[in-house]
Amino acid sequence: MELRSVEELMDLLYACRSALDAPGFPGGRRVDLHQHALRTAAVLRRSRPADKELQVAGLVHAIGPLLRPGDRTAHPDCAADAVRPLLGERVAGLVRGHRPDSGPADDDLLRLRQADEEGRHIGFAAGVLEDWRTVLELVAARNSRLGAVD
Ligand SMILES: [Fe+2]
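Keep in mind it's a predicted model, so treat the numbers as computed, not measured.

*Asks:* What exactly am I supposed to notice about the coordination of the iron ion here?
*Replies:* Angles between donor atoms at a metal ideally measure 109.5 degrees for a four-coordinate tetrahedral arrangement and either 90 or 180 degrees for a six-coordinate octahedral one. Around the iron ion, the donor atoms from the protein are His36 (NE2), His61 (NE2) and Asp116 (OD), and they sit 2.0 to 2.1 Å away. Each donor residue of the iron ion lies on the same chain, and together they follow the pattern H-x24-H-x54-D. Of this pair, His36 sits in helix 2 (residues 33-47) while His61 sits in the loop between helix 3 (52-60) and helix 4 (64-67), and the two are 25 residues apart along the sequence. Residue classification places His61 among the buried residues on the basis of a relative accessible area of 3%.

*Asks:* Can you help me understand the side chain of Asp116 in this one?
*Replies:* Along the chain, Asp116 turns up in helix 7 (residues 107-121). It turns out Asp116 is buried and unbridged, and the closest side chain with the opposite charge, Arg120, is 4.2 Å from it. Looking at Asp116, its side chain comes within polar contact range of the side chain of His61, at 3.1 Å.

*Asks:* I tried to follow the packing of helix 5 (residues 75-87) against helix 6 (residues 89-96) on my own but got confused; where do I start?
*Replies:* Describing two packed helices takes the angle between their axes plus the distance from one axis to the other. Closest axis-to-axis distance for the helix 5/helix 6 pair is 8 Å, and the angle between their directions is 170 degrees. Regarding the angle of helix 5 to helix 6, the classification is roughly antiparallel. Side by side, helix 5 and helix 6 meet where Pro76, Asp77, Ala79, Ala80, Val83, Arg84 and Leu87 of the first sit next to Glu89, Val91, Ala92, Val95 and Arg96 of the second. Here the contact of helix 5 with helix 6 is composed, by residue class, of eight nonpolar, no polar and four charged.

*Asks:* Help me understand the environment of Ser144, please; the structure alone is not making it clear to me.
*Replies:* You can see Ser144 is positioned in helix 8 (residues 133-149). Residue classification places Ser144 among the partly exposed positions, given a relative accessible area of 48%. Along the chain, Ser144 and Leu87 lie 57 residues apart, while their C-alpha atoms are 8.2 Å from each other. In terms of polar contacts, Ser144 uses its side chain to reach the backbone carbonyl oxygen of Ala141, at 3.1 Å.

*Asks:* Just checking my understanding: could you explain the nonpolar core for this structure?
*Replies:* Taken as a class, soluble globular proteins show a tendency for nonpolar side chains to be buried jointly. Core analysis: the biggest nonpolar cluster contains 41 residues, and Leu59, Val60, Ile63, Leu87 and Val91 have the highest contact counts within it. Among the secondary structure elements, those contributing two or more residues to this core are helix 1 (6-15), helix 2, helix 3, helix 5, helix 6, helix 7 and helix 8. If one sorts the elements of this core by residue count, helix 2 sits on top with seven residues. Dropping the residues within four chain positions of it, Ile63 is found in contact with Leu3, Leu12, Leu13, Cys16, Ala79, Ala82 and Val83.

*Asks:* Could you clarify how one ought to interpret the packing of helix 2 against helix 3 in this entry?
*Replies:* Interhelical geometry of helix 2 versus helix 3 gives an angle of 160 degrees and a closest axis separation of 7 Å. What the angle tells us is that helix 2 and helix 3 run roughly antiparallel. Between helix 2 and helix 3 lies a crossing whose hand is right-handed. Between helix 2 and helix 3, the residues in contact are Ala37, Leu38, Thr40, Ala41, Leu44 and Arg45 and Leu54, Gln55, Gly58 and Leu59, respectively.

Analysis parameters
- Residues numbered from 1 in each chain as written.
- Predicted model: local features only at pLDDT ≥ 70, side-chain atom pairs only at ≥ 80, totals over all residues.
- Heavy atoms only, no water.
- Donors = N, O, S within 2.8 Å, 3.2 Å for Na, K, Ca; no water.
- Helix = DSSP H or I, 4+ residues; strand = E, 2+ residues; numbered from the N terminus.
- Buried < 20%, exposed > 50% of the residue type's maximum accessible area, 1.4 Å probe, protein only.
- Lys, Arg positive; Asp, Glu negative; His and termini not counted.
- Salt bridge = Lys/Arg side-chain N within 4 Å of Asp/Glu carboxyl O.
- Polar contact = N/O pair within 3.5 Å; in protein donor to acceptor, adjacent residues only side chain to side chain.
- Axes fitted to C-alpha atoms, helices over the stretch in contact; angles between N-to-C directions.
- Parallel < 35°, antiparallel > 145°, perpendicular 65-115°, else oblique.
- Contact = heavy atoms within 4.5 Å.
- Nonpolar A, V, L, I, M, F, W, Y, C, P; charged D, E, K, R; others polar.
- Core = buried A, V, L, I, M, F, W, Y, C linked by side-chain atoms within 4.5 Å.
- Left-handed = near helix turned anticlockwise from the far one by under 90°.

The structure is reproduced here in structure tokens:
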């Protein structure tokens, strides 16, 4: 599945409200994916305020279970493939590499992995999804302009 609009992506992120991370997977933690997405993005907005793509990667990294329920190993690739056409190669690459066991990491990926972990535990108020609409639109617009150059 490929996401073609910010609206479609927002719908999917809203659908994460009732989803749990890796249901039934041994060692998988039960976490409200919608809150987890908002918290991960909020952590990154604080630590990397200028890097909208990194923040957006934090917001969308966890949509895999919605796209392919039950197939935990495929989740990062699924999520990356879904967001690539809309949000671009960098965001897709960050999403693909967000799990600590998925290979070597540069600074951005390390920051995302840290935020992912913090976004599971911290109980702070992370705002609402609507706060992210303009940021998503900005990253999507930038990506479509870059795509038009090819
Ligand atoms: Fe996560």
